[in-house]
Amino acid sequence: MNRLTRRIGDASARRPWVAIGAWVAALALVLPLAGLLGGSFVDDLVAPGSQSEKAMELLEERFPEASGGSAVAVFAVPEGERIDRHRPAVEAAVARIAEAARGATVTDPFTAGSISPDGRIGYVQVAFDVPPMKVDPEQIDALSDAIEPVRGDGVVAELGGDAVFINAETPTSGAEAAGLLSALVILVVAFGTIVAALVPVALALVAVAAGLSSIVLLAHATDVSTAAPTIGAMIGLGVGIDYALFIVARCRENRAAGQDNATALSNAMSSSGAAVLFAGGTVIVAMSALALTGLGFLTSIGLSTSLVVLFAVATALTLLPALLSLLGDRIHKDRRHWWPRTRRTENPENPKSSESSESTAWWRFAHRVSGRPWPYLLAGSAVLLTLAIPALRMETGFPDAGNDATSTTHRRAYDLLAEGFGPGFNSPLLIVADLNSPGVDADGIPELSRRVADVPGIASLGEPRFSTAGDTVVLPVLPTTAPADAATSDTLERVRGIIPDNVAVSGLTAMTDDLTRQLADTLPVFIAAIIVVSFLLLMLVFRSVAVPLKAAVMNLLSIGGAYGVVVAVFQWGWLGGLFNLHETMLIASPLPTIFFAVLFGLSMDYEVFLLSRVREEYDATGDPTESVARAMAVTGRVITSAALIMTVVFLSFVANPSPLVKMMGLGLATAIVLDATIVRMVLVPASMALLGRAAWWLPRPLDRRLPRVAVESDGAPPTEPTLASTARSS
């Protein structure tokens with residue numbers, strides 16, 4: 001791996017304009033293609049093999065008009081008024097809606113009786129002939145335009161329903177730009193020069209631009225979740241900056257040790273470049289593992305994020321050395337570090353002696369922890385376990401329109417419908433009977449309706465609808481509680497418990513409930529798979545059993561702490577005002593799975609960068625305690641800077657109106673802080689001191705059979721004689 005990344009970096013450094021031109025050409029190709037051929041984003045909310053999926057497949061085959069999505073145009077007037085006073089304006093809006101609906105069935109609130117008991121709120125039902133995930137977003141926009149004129153008549157008009165909620169684009173807050181600016185400030189402080197600070201940010205933007213364009217193209221070929229671009233951008237910005245930061249920092253370290261620009265860059269690509277390749281690979285593996293859940297929207301998020309990370313690695317290995325070769329000494333000048341730093345002695349013949357690691361705060365702290373490992377290990381573990389306690393009470397549910405920001409029209413429509421017709425109006429169920437199968441027949445439908453009506457938690461039933469062939473029946477049902485309410489899930493289970501074998505319950509509420517259950521069932525398998533794969537990869541790289549086992553346990557501790565913080569803030573409401581939360585909410589059921597994949601991958605980044613340096617120092621000194629102290633001395637500032645950058649980037653997404661993105665931002669920021677402070681600075685030196693030489697033990701049979709893969713080198717200069725002569729400096 002060292003040789004591969006060195007050769008890639010050397011090739012880019014020898015011909016920097018070729019490498020830069022290749023990236024410019026790639027962006028010039030992929031950006032317009034994304035605009036011309038890119039698809040739209042949609043959430044595939046089907047749990048494979050579930051009862052709701054089977055019911056929807058039956059409807060699509062035999063009764064397609066009953067399987068379609070719906071939109072609801074809601075009209076309301078102020079307290080004390082009645083909507084029939086504005087009947088001409090509302091009926092004109094209904095006419096425009098019917099024209100914009102392109103053949104969909106449209107009801108009139110005055111003739112269909114869809115007026116609230118107080119006469120203040122009414123709604124128009126728009127029934128499409130395709131599932132909600134397949135409704136054309138342009139048609140939704142046309143409906144929104146159709147209700148706009150009625151607002152001028154003093155009527156509140158909002159657009160909601162499953163088709164509108166599912167096809168709503170994930171909004172942005174604009175705070176992401178502030179996150180990037182904060183990252184730039186941290187880089188200037190860390191490097192002491194604007195040039196060195198701008199390079200990682202520029203590379204991250206290139207990687208995100210290429211990655212997001214590829215996601216848009218991916219949406220042309222398959223269904224891609226609406227959350228995929230936001231999550232991809234979040235992770236891409238963080239890792240893109242960090243990967244470039246690690247290589248630039250190692251290059252500057254080599255340069256300060258007396259190596260010329262070409263040698264410093266080549267050695268940085270061999271050592272930190274290999275670490276970037278391995279770390280990026282672990283993130284890609286973790287995100288791709290989302291396919292193990294069997295859920296389409298999670299698979300699309302995993303693949304999309306993997307694409308962005310792949311571009312981040314590619315820019316760090318190819319575009320970065322080209323830029324560093326052209327910048328030459330400008331990347332090293334005006335160094336004004338405000339972090340604890342080492343005293344340097346100039347000894348170009350011995351790069352290892354060019355830094356007095358004993359002068360750093362990180363070296364002293366590592367020895368302090370190593371001197372009393374048990375108290376530090378127990379104290380650090382206690383903090384993480386305490387933070388993780390709320391996670392034991394985590395309650396998950398699929399986000400619905402009631403969780404979205406009140407600035408969105410579908411959330412305001414949701415609130416109006418709940419106010420006028422009860423919270424259960426927003427959680428309709430569809431009871432589907434297959435009359436061709438043994439069980440209830442057509443004559444038994446009235447009795448089935450009576451039995452369902454008697455189930456606790458059922459508010460009302462609609463009239464049964466028979467397919468044209470008479471072989472399928474649909475019975476609309478409204479619960480008494482909201483979609484994300486745990487009582488609605490209980491009601492669904494009670495209904496499913498009394499229906500015959502040829503009857504199934506579907507609808508968006510049932511589909512999302514089935515998704516939540518499947519996610520809960522697959523999460524342990526998913527976690528186990530990622531841990532096993534990461535253990536094997538780390539064992540392969542570090543030639544150790546204890547190191548990957550320790551890494552897995554500590555990553556679980558930091559992830560558990562992040563889970564607990566998210567539960568305390570969003571589910572319990574602690575410090576909710578600080579994050580602009582006005583109500584508590586269930587934890588989005590996809591979050592624990594996505595969260596674990598992302599966090600485990602990112603935690604492995606810091607694990608690889610720190611422990612690869614520890615292994616390098618251990619091979620040089622043979623002292624397990626001193627090797628940790630020296631590694632922390634030379635990586636402490638860089639890892640701290642990287643963690644701060646990740647934190648501010650992720651926190652910028654907390655301002656996003658989407659609850660899923662908001663939870664992701666806070667959880668990721670929390671986990672990174674815990675991982676870079678308690679785990680890396682306390683638990684790692686304490687555990688390594690306790691393990692001693694056993695930390696690097698590997699059974700001899702395994703040692704002989706496992707291939708050797710290194711992610712750090714000894715900094716030996718490159719052997720290619722043409723590199724130094726062709727590298728550029730200024």
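Conventions and cut-offs
Throughout, residues of each chain are indexed from 1 in the direction in which the sequence is written. In keeping with the predicted nature of the model, local features appear solely for residues at pLDDT of at least 70, side-chain atom pairs appear and are counted solely at 80 or more, and the whole-chain, interface and lining totals rest on all residues. Hydrogens are left out, water is left out, and the side-chain values use all remaining heavy atoms of the structure. A pair is scored as a salt bridge if a Lys or Arg side-chain nitrogen falls within 4 Å of a carboxyl oxygen belonging to Asp or Glu. Each helix is a run of DSSP H or I of at least 4 residues and each strand a run of E of at least 2, with the numbering of both proceeding from the N terminus. Between buried and exposed lies partly exposed: a residue is buried under 20% and exposed over 50% of the maximum accessible area for its type, with that area taken using a 1.4 Å probe on protein chains only. Here is the rule: rings of Phe, Tyr and Trp (six-membered ring for Trp) pair when centre to centre is within 6.5 Å. Planes less than 30 degrees apart are stacked, more than 60 are edge-to-face, and the remainder are tilted. DSSP-based pairing: two strands are paired if at least 2 bridges between them are found. Contacts are assigned to residue pairs that have any heavy atoms within 4.5 Å of one another. Each axis is a line fitted through C-alpha atoms, and for a helix only the stretch in contact is used; angles between axes span 0 to 180 degrees, taken between their N-to-C directions. Charge assignment in this entry is limited to Lys and Arg as positive and Asp and Glu as negative, and neither His nor the chain termini are counted. Nitrogen and oxygen atoms within 3.5 Å of one another constitute a polar contact, given that in protein one can donate a hydrogen and the other can accept it, and given that sequence-neighbouring residues count only through two side-chain atoms.

Enquirer: Would you mind going over the pattern of salt bridges with me for this structure?
Expert: Think of it this way: side chains of opposite charge can pair up when their charged atoms draw near. Taken as a whole and judged by the stated rule, the model has 27 salt bridges. Taking the shortest distance from any N to any O, the salt bridge between Arg62 and Asp471 comes out at 3.9 Å. Placement of Arg62 in helix H3 (residues 51-62) and of Asp471 in the loop between strand S10 (465-466) and strand S11 (472-479) is noted, with a sequence separation of 409 residues between them. With relative accessibility at 25%, the residue Arg62 sits in the partly exposed group. In this structure, Glu447 and Arg450 form a salt bridge, with 2.8 Å as the shortest nitrogen-oxygen distance. One end of the pair, Glu447, and the other, Arg450, are both in helix H17 (residues 445-453), 3 residues apart, so they sit about a helical turn from each other. Judged by relative accessible area, Glu447 falls into the partly exposed class, the value being 38%. Through salt bridges with shared partners, one network takes in Glu148, Arg151, Glu158 and Arg412.

Enquirer: Would you mind going over the packing of aromatic side chains with me for this structure?
Expert: Two descriptors summarise a pair of aromatic rings, namely the distance from one centre to the other and the angle between the planes of the rings. The full count for this structure, using the stated rule, is 12 aromatic pairs. Ring geometry for Trp23 against Phe311: centres 6.4 Å apart, planes inclined by 65°, an arrangement best described as edge-to-face. Of this pair, Trp23 sits in helix H2 (residues 16-37) while Phe311 sits in helix H13 (residues 296-327), placing them 288 residues apart in sequence. Classification of Trp23 as buried rests on a relative accessible area of 12%. With 5.9 Å between their ring centres and 75° between their planes, Phe297 and Phe398 make a pair best called edge-to-face. Note that Phe297 is positioned in helix H13 and Phe398 in the loop between strand S7 (396-397) and helix H16 (409-421), a separation of 101 residues in sequence. For the pair shown, Phe297 and Phe398 are each scored as buried. Three or more aromatic residues link up through ring pairs in this structure, and these residues are Tyr123, Phe421 and Phe425.

Enquirer: Explain the pairing of strand S3 (residues 121-127) here, please?
Expert: If a strand is regular, its side chains alternate between the two faces of the sheet. Taken across its 7 residues, S3 has 5 buried, putting it largely inside the fold. Sheet topology note: the strand S1 (residues 70-76)/S3 ladder contains 7 bridges and is antiparallel. Residue pairing across strands places Val72 opposite Gln125, the latter belonging to S3. Bridge analysis of strand S2 (residues 105-106) against S3 gives 2 bridges, and the strand direction is antiparallel. Bridging from a neighbouring strand, Thr105 pairs with Ala127 of S3.

Enquirer: Just to check I follow, could you spell out the side chain of Thr315 for this structure?
Expert: Looking at where Thr315 falls in the secondary structure, it is placed in helix H13. Sequence-distant contacts of Thr315, that is, excluding residues within four places in its chain, are made with Trp23, Leu203, Val206, Ala207 and Leu320.

Enquirer: I tried to follow the sheet that holds strand S4 (residues 156-160) on my own but got confused; where do I start?
Expert: As a general point, the strands of a sheet are linked pairwise by backbone hydrogen bonds and lie either parallel or antiparallel. The antiparallel open sheet is built from 4 strands, whose spatial order is S2-S3-S1-S4. On the outer flanks of this sheet lie S2 and S4, each paired with one strand and no other. With respect to the sheet, helix H5 (residues 87-100) is in contact with S1, S2 and S3, its orientation differing from that of S1 by roughly 165°. Strands in contact with H16 are S1, S3 and S4; relative to S4, the strand with the most contacts, it is inclined by about 105°.

Enquirer: Would you mind going over the side chain of Asp108 with me for this structure?
Expert: By secondary structure assignment, the location of Asp108 is in the loop between S2 and helix H6 (109-112). Arg87 is the oppositely charged side chain nearest to the buried, salt-bridge-free Asp108, at an N-O distance of 5.4 Å. A polar atom in the side chain of Asp108 sits 2.8 Å from the backbone nitrogen of Phe110. With residues up to four places along the chain from it excluded, the contact list for Asp108 reads Glu91, Gly113 and Ser114.

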